[in-house]
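Structural overview for review
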Amino acid sequence: MELLQLQYFIAVARLEHMTEAARSLYVTQSSLSKTIQRLEEDLGVPLFDRIGRKLRLNEFGSRFLLRAERALFELQQGKQEISDLSSPEHGTLELAVTTASRLPHILREFRKKRPHIQFHVQMLTTQEMVTRLHRGEVDFCLASPPIQGEDIECQIVFIDPIVVAVPKSHRLADRSSVSLSELSDESFVGVKRGYGTRDLVDSICESVGFSPKYVYEGDEPARLSSLVEAEIGIAFIPSTARNSWGHIKYLSVENQELVREIALLWHKSRYISRAALEFHEVVVDYFEKISKQTSGEIQRNTVD
């Protein structure tokens, strides 16, 4: 059994589509098909049910996939560990986020310590992050809500109040706080379903009797402030994502525990490089500092 066979099998098993798998691996479909066929011959069983041109992972394939992913995971961790030992000042941190408002500040602080370490950051939905975490494909995730799992370490680093952003021309702009029931007829701008803050807010609004009416749903949280300022709609925004510029007023929410937990997540068995350990320290220190500032900043912004 060859390493290449495992890599090809995992790609086909995840996509259940030979053409897409071949494209993702940058190989021809015929070459990929022959490699999978040789693997099945080595194992003595078919790993896929073939219905016309469609593939479906069967019971043999599902069981073998777990072992193959684990074997490939261990080999990748060994490669990363050797790379870290031989060249600790270089390398790439694999990061994933569902909440990115403070990531630039965190990366700037980390770069002061490790100027030669590169980053690869992915903005993911919660479900996409769960998949990446279980596969051990990222060093750290910064997520809200926290994600639990037998193979996942979860450390809450910040409790982030969620506020209501309205343009300064809005009927509520002279207020410092608002009840959710007063917002039932408003138009909202927000991120798509699947992002933690959106799902949390929708759930709490529904518990008080209404579903927010969204006139804009996107996958770029940073765009929401511009849309609020343009009077397209109002928005639920985490306190850490507030901007000091622009014509926006931030209101606290009355009589509701409307907060999100920001967590740092990592795979329990993934090798943690020296640079990754320092990144962990930077994240924790950063949120400890802003936690001391948040209450005062919210109070100043709600009375401006």
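Residues numbered from 1 in each chain as written. Predicted model: local features only at pLDDT ≥ 70, side-chain atom pairs only at ≥ 80, totals over all residues. Heavy atoms only, no water.

**Observations concerning the nonpolar core**
Of all hydrophobic cores here, the largest spans 25 residues; its most connected members are Ile106, Phe140, Leu142, Val157, Phe279, Val283 and Phe287. When sequence neighbours within four positions are dropped, the list of residues in contact with phenylalanine 279 reads Leu93, Leu95, Ile106, Leu107, Phe110 and Phe140. Formed by 21 residues, the second largest nonpolar core is a distinct cluster that contains Tyr8, Ala13, Leu55 and Leu65. (Core = buried A, V, L, I, M, F, W, Y, C linked by side-chain atoms within 4.5 Å. Buried < 20%, exposed > 50% of the residue type's maximum accessible area, 1.4 Å probe, protein only. Contact = heavy atoms within 4.5 Å.)

**A few points about the packing of aromatic side chains**
What the rule picks out here adds up to 10 aromatic pairs. Their ring planes at 80° and their centres at 5.5 Å tell us that tyrosine 286 and phenylalanine 287 sit as a pair that is edge-to-face. What links up through ring pairs into an aromatic cluster is the set Phe110, Phe119, Phe140, Trp266 and Phe279. One Lys or Arg, arginine 198, reaches over the ring of tyrosine 214 and ends 3.8 Å from the middle of that ring. If you follow arginine 242 out to its NZ or CZ, it ends over the ring of tyrosine 250, 6.0 Å from the centre. (Phe/Tyr/Trp six-rings, centres within 6.5 Å; stacked < 30°, edge-to-face > 60°. Lys NZ or Arg CZ within 6 Å of the ring centre and 35° of its normal.)

**Quick word on empty space enclosed by the protein**
Tallying each qualifying case throughout the model produces 1 cavity of 30 Å³ or more. In this structure, the largest cavity spans a volume of roughly 50 Å³. Elements supplying a minimum of two residues to the lining of the largest cavity: strand S3 (92-97), strand S5 (140-143) and helix H9 (274-303). For the lining of the largest cavity, the residue count by class is 10 nonpolar, no polar and no charged. (1 Å grid on protein atoms, 1.4 Å probe; cavity = no way out; pocket = protein on both sides within 12 Å on 5 of 7 lines; lining within 4 Å. Points joined across faces, edges and corners; volume = space filled by probe spheres on them. Helix = DSSP H or I, 4+ residues; strand = E, 2+ residues; numbered from the N terminus. Nonpolar A, V, L, I, M, F, W, Y, C, P; charged D, E, K, R; others polar.)

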